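# Breakdown of the fold
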Amino acid sequence: MRRKDAHPARLAWLVVGGLVAFMLVLAGCGSSSDSTSGGGDELQKLGKGEGQLNLISWAGYVEPEWVKPFEAETGCKVNNKTGGTSDEMVQLMGTGEYDGVSASGNASARLVAAGDVSPVNVDLVPNYKTIFSDLKDQPYNTFDGVHYGIPHGRGANLLMWNSDDVSPAPDSWDVMLDPKVAAKYKGRISVYDESSYIADAAMYLKFHQPDLGIENPYELNDEQFEAAVDLLKEQRANVGEYWAEAAKQISAFANGDVQVGTTWQYQYFALQGEGEPVAASPASQGFLPKEGATGWSDTWMLSSKAKHPNCMYMWMNYIVSPKANAEVAEFFGEAPAQSLACDQTADKEFCTKYHADNPGFWKRVYYWETPLADCGNGEENCKDYNDWVKAWTAIKG
Amino acid sequence: MATEAVAPKRSAGRKLAGLFQGRPRLQVGALLAAPGAWLVVLYLGSLAVLLITAFWTVDPLSGEVIKGFSLENFDALVNEPVYRTIVWRTVRTAALVTLTDAVIAFPIAFYMAKVASRRGKGILIVAVLMPLWSSYLVKILSWRTMLSEDGVINWALNPIGLHGPGYGLTAVWLVLSYLWLPYMILPIYAGLERIPNSLISASEDLGASPFTTFRRVIFPLAFPAVVAGSIFTFSLSLGDYITPRLVSNSQFIGNTIASSITNDLPFAAALALIPIVVMIVYLSVARKLGAFEHV
Amino acid sequence: MRLSRRAQALLRLAVGVGLAFIYIPLIVIGIYAFNSSKILKWPPPGLTTEWFTKAFESDSAREALLTSLEAGAVATAIAILLGSLASLAVARHRFFGRETISFLVVLPIALPGIVTGVALSNTFTQVLGISLSLFTVIVGHATFCIVVVYNNVVARLRRTSGSFEEASADLGAHTWQTFRFVTFPSMKTALAAGALLAFALSFDEIIVTTFTIGAGEETLPIWIYRNLFRPNQLPIVDAVAVIVIVISIIPVYIAHRLSSEEGGVTGGKGGGGAAEVAEVTAVP
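Residues numbered from 1 in each chain as written. Chains lettered and ligands numbered in written order. Predicted model: local features only at pLDDT ≥ 70, side-chain atom pairs only at ≥ 80, totals over all residues. Heavy atoms only, no water.

## Quick word on empty space enclosed by the protein
Formally: The definitions used throughout rest on a 1 Å grid laid over the protein atoms alone, on which a cavity is an enclosed set of points accommodating a 1.4 Å probe that cannot get out and a pocket is an open set flanked by protein within 12 Å on both sides along at least five of seven lines; lining residues are those having an atom within 4 Å of a point. Grid points are joined across faces, edges and corners, and a volume is the space filled by probe spheres set on the points. Helix and strand labels come from DSSP, where a helix needs a run of H or I of at least four residues and a strand needs a run of E of at least two; each type is numbered from the N terminus. Gly is placed with the polar residues, together with every amino acid not listed as nonpolar (Ala, Val, Leu, Ile, Met, Phe, Trp, Tyr, Cys and Pro) or charged (Asp, Glu, Lys and Arg).
All chains considered together, the criterion is met by 12 cavities of 30 Å³ or more. Lining of the largest cavity is provided by 39 residues; of these, W180, Y183 and L236 of chain B together with L201 and E205 of chain C occupy positions nearest its centre. The biggest single contributor to the lining of the largest cavity is helix α9 (residues 175-204) of chain C, with six residues. Classifying every residue of the lining of the largest cavity gives 30 nonpolar, five polar and four charged. Roughly 190 Å³ of volume is contained in the second largest cavity. Every residue lining the second largest cavity is counted, 20 residues in all, and those nearest its centre are S251 and N255 of chain A together with K38, L40 and L234 of chain C. For the lining of the second largest cavity, the secondary-structure elements that each account for two or more residues are α9 (246-255) of chain A together with α6 (136-147) of chain B. The leading source of residues in the lining of the second largest cavity is α9 of chain A, at four residues. Residue classes in the lining of the second largest cavity are distributed as 11 nonpolar, four polar and five charged.

In structure tokens:
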């Protein structure tokens, strides 16, 4: 084949270049999505199930024991994706591929602001009536008086340790956060890998350095924030792992790679079930070290782009029905949202142990929240979510 | 018996072929249309879009991308020292991995090319290719279990008083070197094979010791192949985030991109520009060193 | 090459150590696949084959495997087509921007997977507004598969002379006939080897896949990653990995046979086919 210089190939390049430019223009003018903050109207009437349901949830929330009866009852086949962090859940909801999510307080506000979730008509969820009253109309599930979800349950982050390797049994977070005490377990400490952990440091400082004036560990001005960040930078030298998947932490404790860390009841039960020598702050202490603990109060929220909204409503009603809510609460190890669930738990003392009906207890638990610039006391100089995320990268180094 | 030239039938295929005959530009155009569209428009276009996205920002509460021009992301990258640390750590590790792989690969490749029998060569090629077919994730997992407190490495070292490296940067270096080794062995083998044995014999006949022959004949001729292999080991190490995540706590460029993408896409895009720039520089250098003429 | 006995011994030692380095982790996985305990202490307390049974029974593993096979097959098919077209253009013609193409075509492989994944994902969801699914995964995979096939075929085409095709044209064959009877046979084995390598890369790919896959789908690597830390599932993952390694002996062997065949028209030298091996490794 003869080789000739092909000038019209230049034309071809121009065409190609034009196509690329076209793509760039598309990107620039790309529809700013349907983001009205609000995300649509509430469903007025419940229709038939659509046969499928796509959920994002925390590990342990959607398990076959209670999912199979739900599927049999409603015909909605459940596809569940486990999220490791709230960040991940918010991002997944943004894709519009899921019908609902079990959102913690540091996700719910962002989901509402992004228009990724719709208001929920609580009249369509009969079991909502008997939910504990201190879970209703809270700032993390009700926005401008509009309900955005159904409470699932709540719990505190646990301090867990390997009872063979760690003694005496700790009763304070200093075993992780005080540089001198934590150095005993250098390289064997397990820390949650999300910017929300900064609040744990802030809560610690609230107790040990009161002159910083920290009130709400999620509302921090420059000085308070820097103090918390510095504490965590010091902690880094002792950290063995930053975990973002529950199963990864379970494996690390089981292998002896870490000996003490912050965790959820889910991992604690799993390790106990495997016969591992783990212990956590006992029920007699209210599961809380003396500084208190951060925690979560989770809400099932409906996607504004849900393809199966009826199934989602059926799920929300089902998961807070007395039997199912008791099952998930006992499996995971959290306080159920449904007051009638307390009669259904296998362990009759469960609700008492977990303070399900004790609003006073939850005053010492700082639920995950989205940090905002608005400090809530008239000032606007608090660190916002972007600051927290950027700081977290700097902390890990 | 005369053979007469018979004009071929004017089939549809021939008619269409006639269109292309003598029109190289049309041939090129037709050949390149589909792959061109894919690679240039879709792939390069996506990279271009990414570049633009790096100049946008994101609303802290709703996570919505704000399409206004801003240098905020680059500002953060330059001013916040942690990113320099992360980039340096990644590049340093990638370079170390490349060097390690070159050192381990060369003897194996040399043996395969110049010393092994024909049958041995075949066996060795298969032996080196096999790991490419085992799952990347499972290989990392294997190292993770070997490196753990109760794993093989400590089991072997503790009796003699030593302790394995555990998780951390050393583990990342070990695992990455392990993963990309076949990608270094094969190009070097190919390059060494291409060196005619007569050159080596000539060098020996002229009185050079094996070491001198290696230093002055073999290695310079094989060097472009080493560079070609290094493109893979360097680039694969540069972007890997799964290995650091599974066997260490350290943040590499890939980890920061992966974690930023969940809440700040423009910032992740800005971060992604760093490996692109590094690789373009690397590829240009590699091209000068002859890696691209290698086939 | 004449090497002293000592040098030969040292060389053999280096090769032995290198091969041990390569195979020990794989052997460890093999052993853990028979581990009777779910805890990963070494040495394992006992042996069992129950994980292999469970692996065969696992629905999610089977679905993931089928998805991976499907994605790999389609991506490879696209790559065979587009990779050949591109390599024919570059190896047999001269045109404006040819050098640039040679450079650009390396990018999908030379740039880290996370960059490709993020860029494509962004384009799909933000620019084109299509939702992620197996289709987008295939597009992502095909992008680097094209490069792999291209590298292999262009290497072969560069080593075979274009004069054969000219002769064919002179003898009266038109474009398709020339391709079918002259060009294609000479690049056949390179194409096959490239396709095998492309399939292997697609089958094992995780990073680009993570960013381009939709909600309800799973390829085998994604399935593995999801189950990597679940104590109950981990031994099954090991068993699946062992099964894949064993089955993959077949394509590796085939690839090796293909590489050591000479192309029809080239009459290249023997010696294990260094250039063919280079094709297999898709060196740019």
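## Regarding the pattern of salt bridges
Residue and element names in this part refer to chain A. The cut-off we apply is this: One side-chain nitrogen of Lys or Arg within 4 Å of one carboxyl oxygen of Asp or Glu is enough to make a salt bridge. Burial classes follow relative accessibility: with a 1.4 Å probe on protein chains only, a residue under 20% of its type's maximum area counts as buried, one over 50% as exposed, and anything between as partly exposed.
Within the structure shown, the criterion is met by 14 salt bridges over all chains. R110 is the salt-bridge partner of D87, the closest N and O atoms lying 3.2 Å from each other. Of this pair, D87 sits in helix α3 (residues 86-94) while R110 sits in helix α4 (residues 105-114), and the two are 23 residues apart along the sequence. Among the residues examined, D87 registers a relative accessible area of 9% and is labelled buried. With relative accessibility at 4%, the residue R110 sits in the buried group.

## So, the sheet that holds strand β8 (residues 158-162) of chain A
All names here are of chain A. Operational definition: Between any two strands, pairing holds if DSSP finds at least two bridges. Every axis corresponds to a line fitted to the C-alpha atoms, with the helix fit spanning only the stretch in contact, and the corresponding angles, defined between N-to-C directions, vary from 0 to 180 degrees. For this analysis, residues touch if any pair of their heavy atoms sits within 4.5 Å.
An order of β10-β9-β11-β8-β12 is seen for the five strands of this open sheet, with the pairing classed as mixed. Of all the strands in the sheet, just β10 (239-243) and β12 (278-280) have a single pairing partner and so form its edges. Sheet twist, expressed as the mean angle between neighbouring strand axes with direction ignored, is 25 degrees. Looking at chain direction, strand β9 (residues 189-192) and β10 are connected through four bridges and run parallel. Its bridge partner lying in β10, V191 is registered against Y242. Running over the sheet, α9 touches β8, β9, β10, β11 (260-263) and β12 and is turned about 155 degrees from β10.

## Concerning the state of the cysteines
Two cysteines form a disulfide when their sulfur atoms are joined by a covalent bond. Residue and element names in this part refer to chain A. Test applied: The disulfide definition used here is simple: a pair of cysteine sulfur atoms within 2.5 Å.
Here the structure, examined in full by the defined rule, presents three disulfides over all chains. Across the disulfide, C342 is cross-linked to C351 (sulfur-sulfur distance 1.9 Å). Since a negative S-S torsion denotes a left-handed disulfide, the C342-C351 link at about -85 degrees is left-handed. Disulfide pairing is shown between C375 and C382; the S-S distance is 2.0 Å. The sign of the S-S torsion, about 120 degrees, decides the handedness of the disulfide formed by C375 and C382: right-handed. Using a relative accessible area of 7% as the deciding quantity, one classes C375 as buried. Judged by its relative accessible area of 7%, C382 is buried. Take the cysteines of chain A that form disulfides and number them in order along the sequence; they join up as 1-2, 3-4, 5-6.

## Some remarks on a negative patch on the surface
Formally: Residues qualify for a patch when their relative accessible area is over 30% and they have no salt bridge, like charges being joined within 9 Å and the nonpolar side chains of Val, Leu, Ile, Met, Phe, Trp and Tyr within 5 Å. Computed by Shrake-Rupley with a 1.4 Å probe, the accessible areas treat only the displayed protein chains as cover when residues are assessed. Think of it this way: Lys and Arg go in the positive column, Asp and Glu in the negative one, and His and the chain ends go nowhere. Charge positions are represented by NZ for Lys, CZ for Arg, CG for Asp and CD for Glu.
A cluster of like negative charges, contributed by D211, E223, E226, D230 and E234 of chain A, occupies part of the molecular surface. D230 of chain A gets classed as partly exposed once you look at its relative accessible area, which sits at 40%.

## Section: the interface of chain B and chain C
Defined as follows: Two parts placed together each lose some accessible area under a 1.4 Å probe, and the buried area is that loss summed for both. Whenever two N or O atoms come within 3.5 Å, that pair is a polar contact, provided that in protein one can donate a hydrogen and the other can accept it, and provided that, for residues adjacent in sequence, both atoms are side-chain atoms.
Across the boundary between the two partners, chain B contributes 96 residues, which contact 100 residues of chain C. Summed over both sides, the interface between chain B and chain C buries roughly 9400 Å², with carbon and sulfur atoms accounting for 78% of that surface. Viewed at the interface, chain C and chain B are joined by zero salt bridges. Scanning the region where chain B abuts chain C turns up 11 residue pairs in polar contact (both at pLDDT 80 or more).

## A word on the packing of aromatic side chains
Note the threshold: In this scheme Phe, Tyr and Trp rings, the latter by its six-membered ring, pair at centre separations within 6.5 Å, and the angle between planes marks the pair as stacked below 30 degrees, edge-to-face above 60, and tilted otherwise. Two limits define a charge over a ring: the Lys NZ or Arg CZ must be within 6 Å of the ring centre, and within 35 degrees of the ring normal.
Summed over the entire model, instances satisfying the criterion amount to 43 aromatic pairs over all chains. When the ring of W58 of chain A is compared with that of W264 of chain A, the centres are 5.4 Å apart and the planes differ by 75 degrees; the resulting orientation is edge-to-face. You can see W58 of chain A sitting in strand β1 (residues 52-58) and its partner W264 of chain A sitting in the loop between β11 and α10 (265-273), a full 206 residues away along the chain. W264 of chain A matches W58 of chain A in its accessibility class, with the two residues each being buried. Measuring from ring centre to ring centre gives 5.6 Å for Y192 of chain A and W368 of chain A, while their planes differ by 5 degrees; the resulting arrangement is stacked. Of this pair, Y192 of chain A sits in strand β9 while W368 of chain A sits in the loop between β15 (365-367) and α15 (385-396); the two residues are 176 residues apart in sequence, bridging distant segments of the chain. Accessibility expressed as a relative area gives 3% for W368 of chain A, which makes it buried. Across the ring face of Y128 of chain A, the terminal group of K136 of chain A is positioned such that the distance to the ring centre comes to 5.0 Å. In this structure, K390 of chain A is placed above the aromatic ring of F267 of chain B, and the distance from its NZ or CZ to the ring centre is 4.7 Å.

## Thoughts on unusual backbone geometry
All names here are of chain A. Cis peptide bonds are those with omega within 30 degrees of zero, and the linkage from S167 to P168 qualifies with 0 degrees. Its place among the elements puts P168 in the loop between β8 and α5 (174-177). Phi angles above zero are rare outside glycine, and D144 is one such case at about 55 degrees. You can see D144 is positioned in the loop between β5 (142-143) and β6 (146-147).

## Focus: the environment of P359 of chain A
Summarising the element assignment, P359 of chain A is placed in helix α14 (residues 359-362). Separated by 224 residues in the primary sequence, P359 of chain A and L135 of chain A have C-alpha atoms spaced 9.3 Å apart.

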